[in-house]
Amino acid sequence: MSNSTNLTPKIGIMGGTFDPIHYGHLVGAEGVRDEVGLDQVIFVPTGRPPHKPGLNITNPWDRYLMTVLATASNDYFQVSSIEVERPGYSYTVDTVQSVIKMYPGTEIYFITGADAVLDILTWKNVELLLSICHIVAVTRPNYELDKLWEKLKNVLSFPQDRILSMEVPALAISSTDIRKRVHEGRTIKYLLPEPVEHYIAKHKLYKN
Ligand code: NAP
């Protein structure tokens, strides 16, 4: 598959903890794919997030398998265990560099939530990261994008168009809310794909 308007293949990397993956993530990735003309989107569940030490995060392989189940029906979507398998903390710059090695001559778009992008200035080698890929910040409804630009505008030694944003109404769904609902014994039906719902129930995730 290739986009018809640009000869350079474009690859999206959808980064997130995906604890669990839900329809907001899927609608967001598909929306960016369509809007930007991506040839494929590789979902990369975070292995060991450097910014969440000590937090109770679900086993990386459970999050990886839920992501595989959720994306199986979309021919444009793939899932990579690159961060799950890489020892140590998961840094986005390392992931993007690995993907560039696997797909030389492609244009890379790293897609993630706007709240995560807000902290991008604290990420490892951010200048290098912005020089090798575009960043797409997907936002929840009514998100104040100004916050993001305000924070970044003073440190723009990179072209401003390296960071794009897209509002995704389905991102009213959140992983935090889903975990809370499971913990409280409430329904999560229609918030995420059914196979993921079954996986959560079968493996008794988010009960404690
Ligand atoms: P997070 O802090 O768990 O999430 C922040 C917010 O963004 C949450 O509201 C979350 O909603 C949303 N979000 C996260 N990923 C999303 C996605 N792909 N699409 C839409 N919304 C998303 O963020 P995180 O998941 O740990 O990190 C996001 C990405 O940034 C990961 O790939 C991570 O590796 C990368 N990151 C890199 C560095 C670094 O290189 N130093 C540091 C921090 C983060 P949900 O909870 O509903 O997903």
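Before reading further, recall that the structure is shown in the block above.
Attention in this report is confined to the structure presented alongside it.

About the criteria used
- Residues numbered from 1 in each chain as written.
- Predicted model: local features only at pLDDT ≥ 70, side-chain atom pairs only at ≥ 80, totals over all residues.
- Heavy atoms only, no water.
- Near = heavy atom within 4 Å.
- Polar contact = N/O pair within 3.5 Å; in protein donor to acceptor, adjacent residues only side chain to side chain.
- Areas by Shrake-Rupley, 256 points an atom, 1.4 Å probe, with all protein chains shown as cover.
- Helix = DSSP H or I, 4+ residues; strand = E, 2+ residues; numbered from the N terminus.
- Nonpolar A, V, L, I, M, F, W, Y, C, P; charged D, E, K, R; others polar.
- Core = buried A, V, L, I, M, F, W, Y, C linked by side-chain atoms within 4.5 Å.
- Buried < 20%, exposed > 50% of the residue type's maximum accessible area, 1.4 Å probe, protein only.
- Contact = heavy atoms within 4.5 Å.
- Pairing = 2+ DSSP bridges.
- Axes fitted to C-alpha atoms, helices over the stretch in contact; angles between N-to-C directions.

What follows is about the site of the ligand. The environment of the ligand is formed by 25 residues, the closest being Thr17, His25, His51, Lys52 and Arg140. A distance of 2.8 Å separates an oxygen atom of the ligand from a polar side-chain atom of His51. Here an oxygen atom of the ligand sits 2.5 Å away from a polar atom, N or O, in the side chain of Lys52. For the ligand, whose accessible area on its own is 860 Å², the fraction buried by protein is 88%. For the shell around the ligand, the secondary-structure elements that each account for two or more residues are β1 (10-16), β4 (107-113) and α5 (114-118). Residues belonging to the shell around the ligand are distributed by class as follows: nine nonpolar, twelve polar and four charged.

What follows covers the nonpolar core. One broad trend across soluble globular proteins is that nonpolar side chains are buried collectively. By size, the foremost hydrophobic cluster in this structure holds 31 residues, and its most contacted members are Ile21, Val32, Val41, Phe43, Met66, Ile111 and Ile200. Those elements giving two or more residues to this core turn out to be α1 (23-36), β2 (40-45), α2 (60-71), β4, β5 (134-139), α8 (175-183) and α9 (194-202). Those residues in contact with Ile200 that sit more than four places away from it in its chain are Pro20, Met66, Val182, Ile188, Leu192, Leu205 and Tyr206. By size, the runner-up hydrophobic cluster in this structure holds 24 residues, among which are Ile82, Phe110, Leu130 and Leu152.

With that settled, the discussion passes to the environment of Gly15. Relative to the helices and strands, Gly15 resides in strand β1. Sequence-wise, Gly15 and His25 are ten residues apart; in three dimensions their C-alpha atoms are separated by 9.7 Å. Beyond its immediate sequence surroundings of up to four residues, Gly15 is in contact with Val44, Phe110, Ile111 and Thr112.

One open sheet accounts for six strands, arranged β3-β2-β1-β4-β5-β6; its pairing is parallel. At either margin of the open sheet sits one strand with a lone partner, and together these are β3 (77-79) and β6 (163-167). When strand polarity is set aside, the average angle formed by the axes of neighbouring strands in this sheet is 25 degrees. Inspection of the sheet shows β1 paired to β4 by five bridges, in the parallel sense. The residue bridging Ile11 from the neighbouring strand is Ile108, located in β4. Against the sheet, helix α4 (residues 92-102) touches β1, β2 and β4, its axis set at about 145 degrees to β4. Packed on one face of the sheet, helix α7 (residues 145-152) meets β5 and β6 and runs near 170 degrees to β6.

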